[in-house]
Each structure stands twice: as C-alpha cells, then as structure tokens.
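Read off the chains here:
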Amino acid sequence: MLVKTYASSVQGVDAQRITIEVNIRGTVQPGSPMYFLVGLPDSAVKEGFQRIEAAIGNSGFLMKRLKTVVNMAPANVRKEGSAYDLPIAIGILAGTKQIEAPTLADYLMMGELSLDGSLRPIRGALPIAIQARKEGFKGLILPHMNAREAAIVDDLEVFGMEHIRQVVELLEGHPFEPITIDTRKEFANCYHKSLHDFSDVRGQQKVKRSLEIAAAGGHNAILIGPPGAGKTMLSRRIPSILPPLTLHEALETTKIHSVAGLLAPNASLLANRPFRSPHHTISDVAMVGGGSHPQPGEISLAHHGILFLDELPEFKRSVLEVLRQPMEERKVTISRARITVNYPAGFMLVASMNPWGCVRFL
C-alpha cells in the first residue's frame, strides 16, 4: 500500500515541502533488509528507523516485517536532521492499515521521536509554519514545545503534540484544540526592558553623544580607550536606545534564531534587538555561517541588532576580512556543491580596542 505524508526541509531561513512516500508491500525473507530509505537522506534521517521502530512498538502498535520503501521527494534536496521521524512513522502506520487517517493530506507534520513515542522539539518551526500556510495546508503538527513559535502564523491550525498517540488520534478524527496566539498581542508581551539601560551611564557625555548619533543613523562605531574606561559597558547598552523592532523585523529575527536552534522552549517571538559578542578566537565559518550543513553565523544572529567585537585587534585577520562583503550587501551567501543559501546580515558593528603605544626608534 502506498501512503503519502508531508514534511518540510529548511534551506537557509526558508522552508520547502518534502513529500514522504511510504510503500509497504510483501513479506521480507529471512536475512533480507526490511527498510529502504531513498531521497538523499543524511545519517540522522537514516538512523531514524531505529527510533521509529522502538517508538511504534512502545506506543501500542506493531512494526510489521514487511518490505518498506520510503522515498523523500524531491530527491535532489538533501534531508537533514531527526525531524522526519514523525511523518515517516505515521506513513508506516497508515501503510500497514493500523490507523485510518482520511485527513492525512491536510496536515504537514514534523517531529523527532523518543523511544517511548514522545515528541522532541525541532529547529525551524517558524519557517516551516510559514511554508505550510503558503502551500495551503489546513494544519501543522509539531512537538508541543515548538507550537507557540509556529502559532504566530495566522490562518493555520497548529497542533502541539506530546506523543505519537495524540497525533494518531487527531488524524483519526478525535477533537483537539489548535493553539492560537494573537500575534500583535504576543509581540507586545514578548518585549522586555533591557537590563543594560543607556540612561544608567553617568558622565561620558562625548562618548554617549557619539553613540547616540551612530545609533540614530545605523552607523558602525569603534571605541578606543584604556582598560576599565567603560567601552564594553557602553556598547552593551546601545540596544536600549535603538528603535523597537517592528513586527516584520521580529519575525525575521525569530526565523534566524529558530533555524539555529537558539529559541527557548515554548518561546514564540524575539521582540528585543539581538546583541552578539563573539570571542576573539572565533573562526571564519562561525562568524559568517556555513559548515557542511550550512547554519547561520554570528553576523546573521545579530541581524537587526548589534555585533560587538571586543578587543578588535585580537581577532584573526581572515575573520575581519570576511566581514567586508556582508557589511556592504547586508546579507551573506553560502555556496556548497549541492546547495546555495542566503542569510540576512543587517547589523550594526560596534568594536572596542585599547590604544596602541607608539615606539620611536632613534
């Protein structure tokens, strides 16, 4: 029997629909492989069969010994991570006729399975929800800890589930209340006053005036002074004099942090401007983003906020060189053999350093 479920792959800060086709047919001969997974999956996806088998068995269902072929389309997109456990497991249960799911095509679902069948949180819930609405799905099924993040997307029913049995009950027609959030009210409630307030600084009038001008125009700034002069203290307070994030800017910032897996459990929106302060030993890739599986770097995590480089001369020359193009274009493009992704990088650069002593040899 052929069954289709729907998932999503996050590429950069956007998502793409993935159709998971599960074909179950014929018994398996002793010694022959039972599961076949195709469609360019990575190791974490392939290992999912072990989690799926245990989760299905511990949830009161059977993992029947039938030849199971799972195709993840389109086949030219690399599938990464463990979030495909849930749609594959539901496809197997529907393909073996252990559940009746007439509304299966109405939902996009993502979630990592524990061995007991409970759902663990995933990355990128917000871009997945945006794509699900764009694709016209009726609802989105996610782990409970990702539900509030996805629920800020209007016109989409978001169901936060804690166990695969709840997902089965929903698909079989049992009533569940979708999680609803008033986006604008949530945005207002998520904003909190910074602990580092610019108004707390006493004295330093010329420096404060300079930073106010820089903040007003979105200009970059460098602070030069001896240790203990207050360079870092002043820099940490710059976000408190920047204009509040708009709702659109908050959604962009939240998407980036969601993809990077930096949102707190049950979080929804990031309503405060980010302040990123990487250590001077940071690598080029960690600064601009990338890796074998591209992830956003510090410059993207500072989007709509502040990137603070303390002790600027201590940073490697190569790290400072890679900042030039993103600072001009306000985005970074990462190209790999199979994929090219874009991350936004519209940040205000603030740096500090100690004055250099000049030695003259006569």
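Residues numbered from 1 in each chain as written. Predicted model: local features only at pLDDT ≥ 70, side-chain atom pairs only at ≥ 80, totals over all residues. Heavy atoms only, no water.

## Describing the overall build of the protein chain
In terms of helices and strands, the protein chain carries 14 helices and 17 strands. Dimensions of the protein chain along its principal axes, counting C-alpha atoms only, are 90 × 50 × 30 Å. When each of the 362 residues of the protein chain is scored for burial, the buried share is 49%. Within the protein chain, counting contacts between residues at least 6 apart in sequence, those at least 24 apart form 72% of the total. Accessible surface for the protein chain amounts to roughly 17,900 Å². Of this, 51% is attributable to carbon and sulfur atoms. Charged side chains of the protein chain number 39 positive and 35 negative; the gap between the two group centres comes to 5 Å. (Helix = DSSP H or I, 4+ residues; strand = E, 2+ residues; numbered from the N terminus. Buried < 20%, exposed > 50% of the residue type's maximum accessible area, 1.4 Å probe, protein only. Contact = heavy atoms within 4.5 Å. Areas by Shrake-Rupley, 256 points an atom, 1.4 Å probe, with all protein chains shown as cover. Lys, Arg positive; Asp, Glu negative; His and termini not counted. Charge placed at Lys NZ, Arg CZ, Asp CG, Glu CD.)

## A word on the nonpolar core
Ranked by size, the top nonpolar core spans 70 residues in total, and within it Ile20, Tyr84, Ile90, Ile92, Met110, Ile141 and Leu171 carry the most contacts. It is helix H3 (residues 85–95) that provides the largest number of residues to this core, a total of seven residues. Excluding anything up to four places from it in sequence, Tyr84 contacts Ala7, Ser8, Ser9, Ile18, Ile20, Val45, Met72, Lys79, Met110 and Gly111. With 23 residues, the next largest nonpolar core counts Met287, Ile299, Leu307 and Leu349 among its residues. (Core = buried A, V, L, I, M, F, W, Y, C linked by side-chain atoms within 4.5 Å.)

## Focus: helix H7 (residues 183–190)
Thr183, Glu186, Phe187 and Cys190 are the residues of H7 that are buried. Looking down the long axis of H7, one finds its buried residues gathered within 105° of arc, a one-sided arrangement. Of the residues in H7, the exposed ones pointing more than 90 degrees away from the buried face are Arg184, Lys185, Ala188 and Asn189. Packing partners of the buried residues in H7 comprise helix H5 (147–151) and helix H10 (247–259). Two or three places before Arg184, at the start of H7, stands the capping residue Asp182, its side-chain oxygen 3.3 Å from that residue's backbone nitrogen. (Arc of directions from axis to C-beta. Polar contact = N/O pair within 3.5 Å; in protein donor to acceptor, adjacent residues only side chain to side chain.)

## Digging into helix H4 (residues 125–135)
Among the residues of H4, those classed as buried are Ala125, Leu126, Pro127, Ile128, Ala129, Gln131 and Ala132. The inward-facing, buried residues of H4 contact strand E1 (2–11), strand E2 (14–27), strand E5 (107–109), strand E8 (139–143), H5 and H10. The first or second residue beyond H4 is Gly136, which carries a positive phi of 85°.

## Quick notes on unusual backbone geometry
Residue Pro74 is bonded to the preceding Ala73 through a cis peptide linkage, with omega at 5°. Locating Pro74 in the fold gives a position in the loop between strand E4 (66–73) and H3. In the Ramachandran plot, Asp155 falls in the positive-phi region, its phi being about 60° despite a non-glycine side chain. Within the secondary structure, Asp155 is located in the loop between H5 and strand E9 (157–161). The backbone of Arg330 sits at a positive phi, close to 60°, despite the residue not being glycine. Looking at where Arg330 falls in the secondary structure, it is placed in the loop between helix H14 (324–329) and strand E15 (331–335). Given a relative accessible area of 46%, Arg330 falls into the partly exposed group.

## Focus: the environment of Leu108
Within the fold, Leu108 resides in strand E5. Linking Leu108 and Glu135, residues 27 residues apart in sequence, is a C-alpha distance of 9.7 Å. Beyond its immediate chain neighbours, meaning those up to four positions away, Leu108 contacts Tyr6, Ala7, Ser8, Ile128, Ala132, Phe137, Gly139, Leu140 and Ile141.

## A closer look at the side chain of Ser82
Tracing the chain through its elements places Ser82 in the loop between E4 and H3. By relative accessible area, Ser82 is classed as buried at 19%. Apart from the residues lying within four places of it in its own chain, the contact partners of Ser82 are Ala44, Arg51, Gly111 and Glu112.

## Here's the deal with the sheet that holds E1
The four strands lie next to each other as E1-E2-E4-E3, forming an open sheet whose pairing is mixed. Lying at the two open borders of the sheet, with one neighbouring strand each, are E1 and strand E3 (35–38). On average, each strand axis in the sheet is tilted by 20° relative to the strand beside it, whichever way the strands run. Pairing geometry for E2 and E4, over seven bridges, is antiparallel. Along E4, the bridge assignment pairs Thr27 with Leu66. Together, E1, E2 and E4 form the strand contacts of H3, whose direction differs from that of E1 by roughly 175°. (Pairing = 2+ DSSP bridges. Axes fitted to C-alpha atoms, helices over the stretch in contact; angles between N-to-C directions.)

## Section: the packing of aromatic side chains
Centre-to-centre distance and the angle between the planes together describe a pair of aromatic rings. Following the criterion strictly, the structure yields four aromatic pairs and no others. When the centroid spacing of 5.5 Å and the interplanar angle of 55° are considered together, the rings of Tyr6 and Phe137 count as tilted. On the criterion of sequence distance, the pair formed by Tyr6 in strand E1 and Phe137 in the loop between H4 and E8 is long-range, its members being 131 residues apart. Take Tyr6: its relative accessible area is 15%, and that puts it in the buried class. (Phe/Tyr/Trp six-rings, centres within 6.5 Å; stacked < 30°, edge-to-face > 60°.)

## Let's talk about the packing of helix H2 (residues 48–58) against H3
Between two packed helices, the angle of one axis relative to the other and the distance separating the axes together describe the packing. Taken N-terminus to C-terminus, the directions of H2 and H3 make an angle of 55°; their axes are 10 Å apart at the nearest point. In terms of orientation, H2 and H3 fall into the oblique class. As for how H2 packs across H3, the hand of that crossing is right-handed. For the pair H2 and H3, the contacting residues are Gly48, Phe49, Arg51, Ile52 and Ile56 in the first and Asp85, Ile88, Ala89, Ile92 and Leu93 in the second. Residues belonging to the contact of H2 with H3 are distributed by class as follows: seven nonpolar, one polar and two charged. (Parallel < 35°, antiparallel > 145°, perpendicular 65-115°, else oblique. Left-handed = near helix turned anticlockwise from the far one by under 90°. Nonpolar A, V, L, I, M, F, W, Y, C, P; charged D, E, K, R; others polar.)

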